[in-house]
Amino acid sequence: MAARAAERGAFNRRAAAQWGVRHFFDVGRGGHGHIFPMETGMLLPGMFYFDNDRHSTNAGAIGAFGFRMGAEISRVLATGTNWVMTPKSVRLTIKGRLKPGVHARDLGFHIAASLKRGALRLNFDYRVLEYAGDLDQFDLAARAALCSSPTEMRAYGVFFPPSEAILAHARRHARQPFTPVFPDADAHYEAEAELDVSALEPQVALPGGVQNAVNVSEVAGTRIDHAFIGSCGSGMYEDMIEAARYLKGRSLAPGVRLFIAPGSEQSMKQLAAEGIVNIFLEAGAVMLPPGCGPCNDAVIGPVHSGEVSISTAANNNAGRFGAKDAKLYLGSPATVAVSAIAGHIADPRSIEASDIRLSRREAA
Amino acid sequence: MSEFEWRLRGRCYRLGHDVPHAGGVVPNWVITGRHFDAADIIPHLFEETDPGFHERCKPGDIIVAGRNFGMGPKMNGYIAMQALGLGLVCESMPFLAYRAAIGCGLRVMTDCVAVTEFCESGDELEVDFRDGYFINHTRNITREYPPVPDTLREIIEVGGNAGWLKRWWAERQGATLR
């Protein structure tokens, strides 16, 4: 595996040099491909682009659209374009505000579970999910979190009309002019639904998929060995701060290992400068390089057979972090942090959180 | 490209509804192991449901499937079907499965309503993927279905995405030389 990775890295560097790729982000230079372009103003509201990976849906957090090409990205790299069939759109209107201790990621799990139960009568398959309603409560990180689980339910795109706060972030970091897009008043949707989120509890997705979400109280007390915070769904600066609020001044439970992977080099630098990295290290966590962490083929920080993990990974399909018979649970950054301290799955509202101020100005 | 054979004539191989790519078309390890060489995949086509299929099928044979065929965006099974000279007709496919099949250069038609009701395995079929004709010679039934869209034909004619890129590159080199 290591030899193959080294070989692939060498090839990529050669190819980038040979073909004159201007935006080549080597290890240590960018971070997670579905996060740092939004944080650094490469990806801007109103943009359309082709991506190789399906979690390009994250682009919707900033009001852009990343169209997943898979292996066909080679045609895009060669010619600059490819054929597409326009996906249909479905609209989900969010009503109410999340309670304290409840994270956008919890809402994403709940949406997936509601789809599975048939409580939300929408089909996400090769559709674009457009959010509407009480969206101002969601900052960029929360919007990215809300792109994650719908993607696991086969949404091809997710779109948030950009708020003033998102537009301000984009203007501050933009490397080129941009024109945001918004839904037309007479836009057609294949289907529409509403969801009241004001009573939602923190969620935990049981092993097997994001759609297996239940209230945290149903599984609280389940002993854990392994924990991970990061991924395209929970890897932004704000997610790291959320985890740090619980980890500050506390230690991981004996026998629990916690891996933390910020989504970008920029976040890592900021977290280091603000002493947040030290909060994690003092607690006993392992800092991973910005990127996917164990969530991508368990290259780093895998689980062993029979172990129990709780994480913020994109999904918890069997084998996601290595051993197929490991039990993988998912939760919000807060739930994972608190569980790692407790040594078992725990409600983030069960312990007091420290007051750590977000330094990033665009934070809501 | 006029020599490309859009009309296939061969035996029907009928499948039911909801046949997934992983397990139903090829074993999951073929997908997770990232096997993309036709020669490697062919012995395992339909292996879990019909071992030895690859030895019994002949070029021109047509796989007829029900609704929701080939769930998943994976190409492995279609690489084998294309290399074996088979065609695929189904009642519906998830869009990404269809896209994968087109990308492999497979002659494929989807949205063929109730097509599995008009044939049984072993029937002699004739399908024209360019005009959408489906003829069952054994049962004397003819149906007309949505053909391969014009814009996607050139991809299939050159053997899929890889062939399309090779041609694009060759044309570009030619243009540079001139």
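Residues numbered from 1 in each chain as written. Chains lettered and ligands numbered in written order. Predicted model: local features only at pLDDT ≥ 70, side-chain atom pairs only at ≥ 80, totals over all residues.

Asker: Is there a simple way to explain the overall build of chain A in this structure?
Answerer: Of regular secondary structure, chain A possesses 10 helices and 13 strands. Against the compact-globule benchmark of 21 Å for 364 residues, chain A has a radius of gyration of 20 Å, which places it among compact chains. In terms of its C-alpha atoms, chain A occupies a principal-axis envelope of roughly 55 × 50 × 40 Å. Scored against the burial criterion, the 364 residues of chain A give a buried share of 48%. Restricting to contacts in chain A with at least 6 residues of sequence separation, those with at least 24 account for 75%. (Helix = DSSP H or I, 4+ residues; strand = E, 2+ residues; numbered from the N terminus. Rg over C-alpha atoms; globule rule 2.2 N^0.38 Å. Buried ≥ 20, exposed ≤ 12 C-beta atoms within 10 Å, placed from the backbone. Contact = placed C-beta atoms within 7 Å.)

Asker: Any chance you could explain the confidence of the model for chain B here in plain terms?
Answerer: Do not read the fine detail of predicted coordinates wherever pLDDT is low. Of all residues in chain B, 97% attain a pLDDT of 70 or more, and the chain-wide mean is 94. Across the interfaces of the predicted complex, the ipTM metric reaches 0.83, alongside a pTM of 0.90. (pLDDT = per-residue confidence, 0-100.)

Asker: Whenever I open this one, the environment of Gly 60 of chain B confuses me. Can you help?
Answerer: All names here are of chain B. Its place among the elements puts Gly 60 in the loop between helix 3 (53-56) and strand 2 (62-65). A tally of 18 C-beta atoms within 10 Å means that Gly 60 is categorised as partly exposed. In sequence terms Gly 60 and Arg 139 are 79 residues apart; their C-alpha atoms lie 18 Å from each other. Contacts of Gly 60, omitting those with residues within four sequence positions, involve Leu 8, Arg 9, Gly 10 and Gly 85.

Asker: Explain the environment of Glu 3 of chain B to me, please; I cannot follow it from the model alone.
Answerer: Looking at where Glu 3 of chain B falls in the secondary structure, it is placed in the segment before strand 1 (7-14). For Glu 3 of chain B and Glu 157 of chain B, which are 154 residues apart along the polypeptide, the C-alpha to C-alpha distance reads 9.2 Å.

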